[in-house]
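Fold and contact review
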Amino acid sequence: MTQPIFLVGPRGCGKTTVGLELARVSQSQFVDTDHWLQTQARQTIAEIVEKEGWESFRARESDTLEAVTAPSTIIATGGGIILAERNRQFMREKGIVIYLCAPVSTLVERLEAFPEEGQRPTLTGKPISEEVSEILAERDALYREAAHHVIDAAQSPEQVVNQIVTALRLACAS
Ligand SMILES: Nc1ncnc2c1ncn2[C@@H]1O[C@H](COP(=O)(O)OP(=O)(O)OP(=O)(O)O)[C@@H](O)[C@H]1O
Ligand SMILES: O=C(O)C1=C[C@@H](O)[C@@H](O)[C@H](O)C1
Ligand SMILES: [Mg+2]
């Protein structure tokens, strides 16, 4: 399969972790929009947001999505990529979109263990569990709208990868 694969979902659902493993087993390229953008800008997301605001970050993120999209590539996206209709449409048209879906408790547990504040500045100013719950409630429908497949991301990275491989094989066969 040469179409790009886009992994979408909230912070901590495992897009980067699972994407790296999926690229390894499928012998594909891997790119992470958050990492790519921060390398190009030579700034963290927290710095960009502090200096330029969220709107500017979102514009950079949409440009990044288009710049990194290529055949045989697994693309781990930022948690808010689905906010722009342009991005949802672009991903659905150009490749296969996979929503890594996990409950709030799992996301909070992972984010508390690995906060990575430079990449994940607060979105609401609220405590982490409140923020995750509020943001997921706002975005779940958008992740589903963008996705061709919804995968249970509460399992181990290897199990999540296996589910994705199975979903893609089944989709190919049908
Ligand atoms: N399936 C998993 N099982 C257990 N731990 C996981 C799993 N997936 C990710 N993690 C852990 O949770 C943390 C967050 O994962 P990751 O950075 O991959 O999420 P993300 O979806 O890329 O988040 P962001 O949107 O902020 O980039 C990581 O430190 C990782 O070790
Ligand atoms: O959920 C979000 O809106 C974000 C998630 C991260 O991946 C980064 O893209 C950024 O911190 C915004
Ligand atoms: Mg990530």
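Computed from a predicted structure; not experimentally measured.

Definitions and limits used
Residues numbered from 1 in each chain as written. Chains lettered and ligands numbered in written order. Predicted model: local features only at pLDDT ≥ 70, side-chain atom pairs only at ≥ 80, totals over all residues. Heavy atoms only, no water. UniProt positions renumbered as here; feature names shortened; annotations may be inferred. 1 Å grid on protein atoms, 1.4 Å probe; cavity = no way out; pocket = protein on both sides within 12 Å on 5 of 7 lines; lining within 4 Å. Helix = DSSP H or I, 4+ residues; strand = E, 2+ residues; numbered from the N terminus. Contact = heavy atoms within 4.5 Å. Salt bridge = Lys/Arg side-chain N within 4 Å of Asp/Glu carboxyl O. Buried < 20%, exposed > 50% of the residue type's maximum accessible area, 1.4 Å probe, protein only. Pairing = 2+ DSSP bridges.

So, the UniProt feature "binding site: substrate" (unreviewed entry) in the chain
Under the UniProt annotation, "binding site: substrate" (unreviewed entry) lies at Asp34, Arg58, Gly79 and Arg139. Checked against the lining of the largest cavity, the annotated residues just named reduce to Arg139. With respect to the helices and strands, Asp34 occurs in helix α2 (residues 33-41). Apart from residues lying up to four places away in sequence, Asp34 is in contact with Ile45, Phe57, Glu61, Gly78 and Gln119. Mapping Gly79 onto the fold places it in the loop between β3 (73-76) and α5 (85-94). Here Gly79 is in contact with Gly9, Lys15, Arg139 and Tyr143, once residues within four sequence places are set aside.

So, the pattern of salt bridges
Tallying each qualifying case throughout the model produces ten salt bridges. With its nearest N and O atoms 3.5 Å apart, the salt bridge here joins Arg11 to Glu131. Here the residue Arg11 occupies a position in the loop between β1 (5-8) and α1 (15-26), and Glu131 occupies one in helix α7 (residues 128-146), the gap between them amounting to 120 residues. When sorted by exposure, Arg11 lands in the same class as Glu131, which is buried. Notably, a salt bridge pairs Lys126 with Glu134, separated by 2.6 Å at the nearest N-O pair. Here Glu134 falls in the partly exposed class, since its relative accessible area comes to 28%. Because the salt bridges share partners, they merge into one network encompassing Asp63, Glu66 and Arg86.

Re the pairing of strand β4 (residues 96-101)
For β4, the tally of buried residues reaches six of six residues, placing the bulk of the element in the interior. The alternating pattern of β4 places Ile96, Ile98 and Leu100 and Val97, Tyr99 and Cys101 on opposite faces, both of which are buried. Note that β1 and β4 share four bridges and pair parallel. Residue Ile5 lies in a different strand from β4, and its bridge partner there is Ile96. Inspection of the sheet shows β4 paired to strand β5 (residues 149-152) by four bridges, in the parallel sense. Looking at the pairing, Ile98 lines up with His149 of β5.

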